[in-house]
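# Observations on chain architecture
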Amino acid sequence: APDPPARRRARQKERERERARRPGRKLLGVDLGERRVGIATSDDLGLFAFPDQILDRRRVTLEAVIVRADELAVCGIVVGLPTTMSGEDGHQARIVRQEVAELATYTDLPILYWDERLTSSIADRALAKRIPSPRKRRVQLDAIAAAVMLQDYLDAHPVGLPGVDRPEAPPL
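What comes next is a walk through the structure. (Residues numbered from 1 in each chain as written. Predicted model: local features only at pLDDT ≥ 70, side-chain atom pairs only at ≥ 80, totals over all residues. Heavy atoms only, no water.)

### Notes on the overall build of the protein
- Helix and strand counts for the protein come out as five helices and five strands.
- Taking all 172 residues of the protein together, 42% fall into the buried category.
- For the protein, restricting intrachain contacts to residue pairs at least 6 apart in sequence, the fraction spanning at least 24 positions comes to 66%.
- Counting only carbon and sulfur atoms, one obtains 55% of the accessible surface of the protein, whose full area is about 10200 Å². (Helix = DSSP H or I, 4+ residues; strand = E, 2+ residues; numbered from the N terminus. Buried < 20%, exposed > 50% of the residue type's maximum accessible area, 1.4 Å probe, protein only. Contact = heavy atoms within 4.5 Å. Areas by Shrake-Rupley, 256 points an atom, 1.4 Å probe, with all protein chains shown as cover.)

### Here we look at the sheet that holds strand β1 (residues 27-32)
- Pairing is mixed in the open sheet, where five strands are placed in the order β3-β2-β1-β4-β5. Each end of this open sheet is capped by a strand with a single partner; those strands are β3 (49-56) and β5 (111-115). Each strand of the sheet is rotated relative to its neighbour by a mean of 25°, with strand direction disregarded.
- Note that strand β4 (residues 76-81) and β5 share five bridges and pair parallel. For Gly80, the partnering residue across the bridge sits in β5 and is Trp114.
- The strands touched by helix α2 (residues 63-72) are β1, β2 (36-42), β3 and β4; relative to β3, the strand with the most contacts, the crossing angle is about 145°. (Pairing = 2+ DSSP bridges. Axes fitted to C-alpha atoms, helices over the stretch in contact; angles between N-to-C directions.)

### Quick notes on unusual backbone geometry
- A positive phi is found at Ala73, a non-glycine position, where the angle reads about 55°.
- As for its placement among the helices and strands, Ala73 is situated in the loop between α2 and β4.
- Owing to a relative accessible area of 57%, Ala73 belongs among the exposed residues under this scheme.

### Details of the side chain of Lys26
- By the element assignment, Lys26 lies in the loop between α1 (4-20) and β1.
- Once residues lying within four places of it in the same chain are set aside, the contact partners of Lys26 are Thr41, Ser42, Asp43, Asp44, Leu72, Ala73, Val74, Cys75 and Gly76.

### Observations concerning the pattern of salt bridges
- All told, the structure shown has six salt bridges when counted by the stated rule.
- The salt bridge involving Asp44 is made with Lys26; its shortest N-O contact spans 3.2 Å. Taken together, the positions of Asp44 in the loop between β2 and β3 and Lys26 in the loop between α1 and β1 put the pair 18 residues apart, joining distant regions of the chain.
- A residue is classified by how much of its surface remains accessible, and Asp44, at 57% relative accessible area, is exposed. (Salt bridge = Lys/Arg side-chain N within 4 Å of Asp/Glu carboxyl O.)

### Thoughts on the packing of aromatic side chains
- Summed over all chains, the structure comprises one aromatic pair.
- Considering the side-chain rings of Trp114 and Tyr153, the 5.2 Å spacing of their centres and the 85° angle between planes classify their relative orientation as edge-to-face. Of this pair, Trp114 sits in strand β5 while Tyr153 sits in helix α5 (residues 134-156), and the two are 39 residues apart along the sequence.
- Using a relative accessible area of 10% as the deciding quantity, one classes Trp114 as buried.
- A cation sits over an aromatic face here: Arg97 above Tyr113, 4.6 Å from the ring centre. (Phe/Tyr/Trp six-rings, centres within 6.5 Å; stacked < 30°, edge-to-face > 60°. Lys NZ or Arg CZ within 6 Å of the ring centre and 35° of its normal.)

This is the structure:
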């Protein structure tokens, strides 16, 4: 097994490669949970993320994520990866990677991972100001957490970077 510093360097290189590419403007953000899947989408310009919906995993399969991606005509899917606070893959991250492998069998869209550390707590704090009941907040939490994660991705990958489609300049 590689020594810990070598493993850290390999993970850093993987993160840099992920940071370097963006599949297009309109993206779908996905927060895969055990009971619910939070879905968010970006606007057509790829600047802002918005909560879209929550899928109940007891009622739908992962294929419903791809159905929603097709309905919204997105260019790619960004899935939140729940790494540990030190940035390592824990048990939940391994489960998410397995589920993404299943998702990939349903689509040709590019699927990327993005760090989702603390997105649920950020979303919960934002909701707590409007909705005092934790039980009522839980219903909306996953989609808002997906939007927080997707917005973080959009901010780190602004439109106009090399490899991302650029809009034509308006005529003078």
